[in-house]
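These are the residues of each chain, in order.
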Amino acid sequence: MAEEPYEELSIQYSGGDYQDETFRYRLMKPETIEQGKSYPLVLFLHGAGERGDDNAAQLAYLPREMASETNRKAFPCFVLAPQCRKGKKWVDVDWSDASAAAMPESPSHMMNTAIKMMKRTIDENPVDTSRVYVTGLSMGGYGSWDLAARHPEWFAAAIIVCGGGDDKQAAKLAELPIWVFHGDADKGVPVERSRNMVAAIKDAGGKKIKYSELPGVGHNSWNHAYSEESGAIPWMFDQKRAK
């Protein structure tokens, strides 16, 4: 790429131990914004390995994929990439537990910063609010389940990769198009976490849930999920929420 397509931005956040704390994030805009047109927004929640405060590590995987020349032309959109601080989580639960923990009563402070960034992006840009998407991998997969369950009305679709959620929230997700990916040899997040969420959503009457379990694949199932081969990215942009 000739130049960095992700703009560096920041918000101030107060909550818990934070008082007017600066949280930096990245936003990629469509290459061309036409007068009178609105564009989809993709919120990407990264994994544990990309935590920090460099405002760069979180651009791995999907953000880089979306910044390719092919995808920028095919899917003009806003891509929002917040960054979770070291030692913190999008959702305060144990990732390695094969059984689900109850969804915390309130979003984590890290999730609250992402929500604030998303709301600002929508307020300040020509975002098509019927085409807002959430996706995340590993720790960000947990975050995606959490945020989608709290606010299914915000999103047109979700791609959730090797994460886990509270299956007791399944009824809230029954009408949301979701594509779940998980490797059956994952040692980081038990594959049961995805299986159980998918089964619970189907039991709740969900008919818009897709599940791809990848044979012999470990914790890096995002490599397939976000690839051209999987077809998940075009599928996501095809989804539209009724206003």
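Residues numbered from 1 in each chain as written. Predicted model: local features only at pLDDT ≥ 70, side-chain atom pairs only at ≥ 80, totals over all residues. Heavy atoms only, no water.

**Q** So what's going on with the overall build of the protein chain? Residues and values would help.
**A** Secondary structure summary: the protein chain contains seven helices and eight strands in total. Its C-alpha atoms give the protein chain a radius of gyration of 17 Å, within 12% of the compact-globule value 18 Å for 243 residues. Projected onto the principal axes, the alpha-carbon positions of the protein chain cover approximately 45 × 40 × 35 Å. Split into buried and exposed, the 243 residues of the protein chain put 54% on the buried side. Counting only contacts in the protein chain whose residues sit at least 6 apart along the sequence, the fraction spanning at least 24 positions is 73%. Of the roughly 10,800 Å² of accessible surface on the protein chain, 45% is carried by carbon and sulfur atoms. Where the 29 positive side-chain charges of the protein chain centre and where its 34 negative ones centre are 3 Å apart. (Helix = DSSP H or I, 4+ residues; strand = E, 2+ residues; numbered from the N terminus. Rg over C-alpha atoms; globule rule 2.2 N^0.38 Å. Buried < 20%, exposed > 50% of the residue type's maximum accessible area, 1.4 Å probe, protein only. Contact = heavy atoms within 4.5 Å. Areas by Shrake-Rupley, 256 points an atom, 1.4 Å probe, with all protein chains shown as cover. Lys, Arg positive; Asp, Glu negative; His and termini not counted. Charge placed at Lys NZ, Arg CZ, Asp CG, Glu CD.)

**Q** So what's going on with the nonpolar core? Residues and values would help.
**A** Core analysis: the biggest nonpolar cluster contains 48 residues, and Leu 80, Trp 90, Met 118, Trp 145, Phe 155, Leu 173 and Ile 178 have the highest contact counts within it. Beyond its immediate chain neighbours, meaning those up to four positions away, Trp 90 contacts Leu 45, His 46, Pro 82, Gln 83, Cys 84, Ser 108, Met 110, Met 111, Ala 114, Met 139, Gly 140 and Gly 143. Tyr 6, Met 28, Ile 233 and Met 236 belong to the second-largest nonpolar core, a separate cluster that totals 29 residues. (Core = buried A, V, L, I, M, F, W, Y, C linked by side-chain atoms within 4.5 Å.)

**Q** For unusual backbone geometry, give the residues involved together with the corresponding values.
**A** With a phi angle near 50°, Asp 20 is a residue other than glycine that sits in the positive phi range. Turning to its location among the elements, Asp 20 is positioned in strand β2 (residues 18-28).

**Q** Residue-level account of the sheet that holds strand β4 (residues 78-82), with values.
**A** With mixed pairing, eight strands are arranged side by side in an open sheet as β1-β2-β4-β3-β5-β6-β7-β8. Single-partner strands in this sheet number two, and they are β1 (6-15) and β8 (209-214). Across the sheet, the mean angle from the axis of one strand to that of its neighbour is 20°, orientation sign disregarded. Pairing of strand β6 (residues 157-161) with strand β7 (residues 178-183) involves four bridges; the strand directions are parallel. Its bridge partner lying in β7, Val 161 is registered against Phe 181. Against the sheet, helix α3 (residues 109-124) engages β1, β2, β3 (39-45), β4 and β5 (127-137), with an angle of about 125° to β1. Against the sheet, helix α5 (residues 192-203) contacts β7 and β8, and its axis sits at roughly 155° relative to β8. (Pairing = 2+ DSSP bridges. Axes fitted to C-alpha atoms, helices over the stretch in contact; angles between N-to-C directions.)

**Q** So what about the pairing of β7? Which residues, and what values?
**A** In terms of burial, β7 is a largely internal element, six of the six residues being buried. Across the two faces of β7 the burial is the same, with Ile 178, Val 180 and His 182 and Trp 179, Phe 181 and Gly 183 all buried. In this sheet, β8 lies alongside β7 in parallel orientation, the contact comprising six bridges. Residue Gly 183 lies in a different strand from β8, and its bridge partner there is Leu 214. Each parallel crossover has a hand, and the one from β7 via α5 to β8 is right-handed. (Right-handed = clockwise from strand over helix to strand, strands pointing away.)

**Q** So, the side chain of Ser 138: which residues are in play, and what are the values?
**A** Relative to the helices and strands, Ser 138 resides in the loop between β5 and α4 (139-150). Taking the relative accessible area as the measure of exposure, Ser 138 reaches 10% and is therefore buried. Reaching out from Ser 138, the side chain makes a polar contact with the side chain of His 219 at a distance of 2.8 Å. Those residues in contact with Ser 138 that lie beyond four places of it in its chain are Val 161, Cys 162, Gly 163, Val 189, His 219 and Trp 222. (Polar contact = N/O pair within 3.5 Å; in protein donor to acceptor, adjacent residues only side chain to side chain.)

**Q** Which residues make up α4, and what values do they have?
**A** Taking 1.5 Å of rise per residue, the 12 residues of α4 would be expected to cover 16 Å, and the 17 Å separating its terminal C-alpha atoms lies within 8% of that figure. The element α4 is extensively covered by neighbouring structure, given that 12 of its 12 residues are classed as buried. The complete set of buried residues in α4 reads Met 139, Gly 140, Gly 141, Tyr 142, Gly 143, Ser 144, Trp 145, Asp 146, Leu 147, Ala 148, Ala 149 and Arg 150. (Expected span 1.5 Å × (residues − 1).)

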